[in-house]
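Observations on the model geometry
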Amino acid sequence: MKNRKVWIFGIVLAALIPVSILISLSYGSRSVSIGSVFGAFFENGAPQTEVDIVNARIPRTVFGLIAGAALGTSGLLMQSITRNPVADPSILGVNTGASLFVVIGMAFFNIGDKNQYIWLAFTGAVLTAALVFGLASSGKGGATPMKLAIAGAATATALQSIVNTVMLPNSQVMDRFRFWQTGSIGGASWDDIKTVIPYLAGGFIIAIALIPSLNALALGDEFAAGLGVNVARTRILGIVAGVLLCAATTAIAGPIGFIGLMVPHVMKLVLGPDLKLLVPFSMMGGAILLVLSDVAGRLLGSPGELESGIITALVGGPAFILIVRKVRVRSV
């Protein structure tokens, strides 16, 4: 019965991917016909202006798919490593840490290369994750879900104030940074995709390789160690993969929140705790959610557009409250 449910759910998600691609290429501030979408790939006499619109949307759609998959996997890794259902790059302040280092690079070192953005974002994300876990681990009970959420929110608030302090006096940096900070895949280009692919591929490979170890870790550190799992190495590699996936995406699209929180949680409700299923399904779910959020932002903001980070925040805020209530966390 469970295998049948998994197959049905997998078929639904697999079908939604081409559907979301078609919707992304068709709809926006100016919608085009299905024939024009196919006309971008096969000559069929579609109006050239509509074909040009489709061609302009292809890079953002492709980037939306891989970025959503990366964010969904990143959130799953963090939740698995911490055994915490509210662990997520945005909730834990990791996105804000990445943002801080990027704006420092912009303001003080005049950095504009996307490859350098990735390493700045990666450094900021790693240091912020270490700070949040350190703060949450202090005191009685260790790093409980509520303590992690509070430590992440406090850290994100503090870091955001530093971001504003660095950004506001410099109007040129503010103009470059404010759109990036909202979180959007609208400015993605083929060059951006080529830049992030190696980093995302590395993160995905590490995540897949860690599946057996993380499944054992879910049963407890002592049990995992008894099965021959190097617990410390597994956690470190998992954090590196999760932060790398998040940082590479953030460097190009800005901090897009809540996908890493919502998608893995939904997948666990449907599929259970096995990461052999959760990793590929979280990739698909994240890709679909980000692409459809981008389309929703274009439609709701027409004739302009709302950034996809705003849409995911609107959906993710209530989802976060429901998740926290469901896990019935009582200790702080």
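Keep in mind that what you see is a predicted model, and the values were worked out from it rather than measured.

**Remarks on the pattern of salt bridges**
Any two side chains of opposite charge can pair if their charged atoms end up close together. Per the stated rule, a full pass over the model turns up three salt bridges. The shortest N-O distance in the salt bridge between R60 and E305 comes to 3.1 Å. With R60 in helix α3 (residues 48-82) and E305 in the loop between α13 (275-300) and α14 (308-327), this pair connects stretches of sequence that are 245 residues apart. A salt bridge links R298 to D294; its shortest N-O distance comes to 3.0 Å. Residue R298 and its partner D294 are both found in helix α13; the two are separated by four residues, about one turn of the helix. By relative accessible area, D294 is classed as buried at 1%. Put simply, R60, D294, R298 and E305 are held in one network by salt bridges that share partners.

**Concerning helix α5 (residues 114-137)**
The end-to-end C-alpha distance of α5 is 34 Å, a good match for the 34 Å that 24 residues give at a rise of 1.5 Å each. Those residues of α5 that sit buried are Y117, I118, L120, A121, F122, G124, A125, T128, A129, V132 and A136. Of the residues flanking the end of α5, it is G139, one or two places downstream, whose phi is positive at about 85 degrees.

**A short note on the environment of A216**
Following the sequence through the fold, A216 ends up in helix α9 (residues 211-217). Separated by 209 residues in sequence, A216 and W7 have C-alpha atoms that sit 24 Å apart. In contact with A216, other than residues within four places in its own chain, are A224, L227 and V229.

**Topic: the packing of aromatic side chains**
Using the criterion set out here, one finds three aromatic pairs in the structure. Both rings, one in W119 and one in F122, keep their centres 5.6 Å apart while their planes meet at 85 degrees; by these two values the pair is edge-to-face. Note that W119 and F122 are positioned in helix α5 at a spacing of three residues, about one turn of the helix. Under the relative-accessibility criterion, F122 is labelled buried at 16%. Aromatic pair W119 and Y199: ring centres 5.7 Å apart, planes at 80 degrees, arrangement edge-to-face. Taken together, the residues span a long stretch of sequence, with W119 in helix α5 and Y199 in helix α8 (residues 190-209) at a distance of 80 residues. Judged by its relative accessible area of 44%, W119 is partly exposed. For Y199, a relative accessible area of 13% gives the class buried.

**Some details on helix α1 (residues 2-26)**
End to end, α1 covers 36 Å across 25 residues, agreeing with the expected 36 Å (1.5 Å per residue, within 8%). The inward-facing, buried residues of α1 abut α2 (34-39), α3, α12 (259-271) and α13.

**Regarding the side chain of R60**
Residue class for R60 comes out buried when judged on its relative accessible area of 8%. A distance of 2.7 Å separates the side chain of R60 from the side chain of D294, its partner in a polar contact. For R60, the side chain forms a polar contact with the side chain of E305, separated by 3.1 Å. The contacts of R60, once residues within four sequence positions are left out, are I185, G186, A188, D294, R298 and E305.

**Examining the nonpolar core**
Residues F63, L200, M267 and F281 are the most contacted members of the largest nonpolar core, which totals 77 residues. At 11 residues, the largest contribution of residues to this core is made by helix α11 (residues 231-253). When near neighbours in sequence (up to four residues on either side) are disregarded, F281 contacts V6, F9, G10, L13, M267 and L271. If you look at the next biggest cluster of nonpolar residues, it comprises seven residues, including V86, A149, L261 and M262.

**As for the environment of T96**
Take T96: it is sitting in helix α4 (residues 94-109). Given the relative accessible area of 13%, T96 is considered buried. On a C-alpha basis, the gap between T96 and G152 in space is 9.7 Å, while along the polypeptide they are 56 residues apart. Residues contacting T96, with those up to four places away along its chain left out, are A156, L159 and Q160.

**Focus on unusual backbone geometry**
Glycine aside, a negative phi is what most residues show, and trans is what most peptide bonds show. In this structure, F258 takes a positive phi of about 80 degrees despite not being glycine. Tracing the backbone shows F258 in the loop between α11 and α12. Overall, F258 belongs to the buried group, its relative accessible area being 16%.

**Topic: the packing of α1 against α3**
Contact geometry for α1 and α3: axes closest at 8 Å, N-to-C directions at 140 degrees. Taken together, the axes of α1 and α3 are oblique relative to one another. The way α1 lies across α3 gives a crossing that is right-handed. Where α1 approaches α3, its residues I17, I21, S24, L25 and S26 are matched on the opposing element by V54, R57, I58, T61 and L65. Here the contact of α1 with α3 is built from residues that sort into six nonpolar, three polar and one charged.

**Brief notes about the packing of α1 against α13**
Contact geometry of α1 with α13 gives a least axis separation of 10 Å together with a crossing angle of 30 degrees. The orientation of α1 relative to α13 falls into the category roughly parallel. Read as a crossing pair, α1 and α13 show a hand that is left-handed. On the side of α1, the interface is formed by V6, F9, G10, L13, A14, L16, I17, S20, I23 and S24, while α13 contributes L277, F281, M284, I288, V291, L292, V295 and R298. By residue class, the composition of the contact of α1 with α13 is 14 nonpolar, three polar and one charged.

Parameters at a glance
- Residues numbered from 1 in each chain as written.
- Predicted model: local features only at pLDDT ≥ 70, side-chain atom pairs only at ≥ 80, totals over all residues.
- Heavy atoms only, no water.
- Salt bridge = Lys/Arg side-chain N within 4 Å of Asp/Glu carboxyl O.
- Helix = DSSP H or I, 4+ residues; strand = E, 2+ residues; numbered from the N terminus.
- Buried < 20%, exposed > 50% of the residue type's maximum accessible area, 1.4 Å probe, protein only.
- Expected span 1.5 Å × (residues − 1).
- Contact = heavy atoms within 4.5 Å.
- Phe/Tyr/Trp six-rings, centres within 6.5 Å; stacked < 30°, edge-to-face > 60°.
- Polar contact = N/O pair within 3.5 Å; in protein donor to acceptor, adjacent residues only side chain to side chain.
- Core = buried A, V, L, I, M, F, W, Y, C linked by side-chain atoms within 4.5 Å.
- Axes fitted to C-alpha atoms, helices over the stretch in contact; angles between N-to-C directions.
- Parallel < 35°, antiparallel > 145°, perpendicular 65-115°, else oblique.
- Left-handed = near helix turned anticlockwise from the far one by under 90°.
- Nonpolar A, V, L, I, M, F, W, Y, C, P; charged D, E, K, R; others polar.

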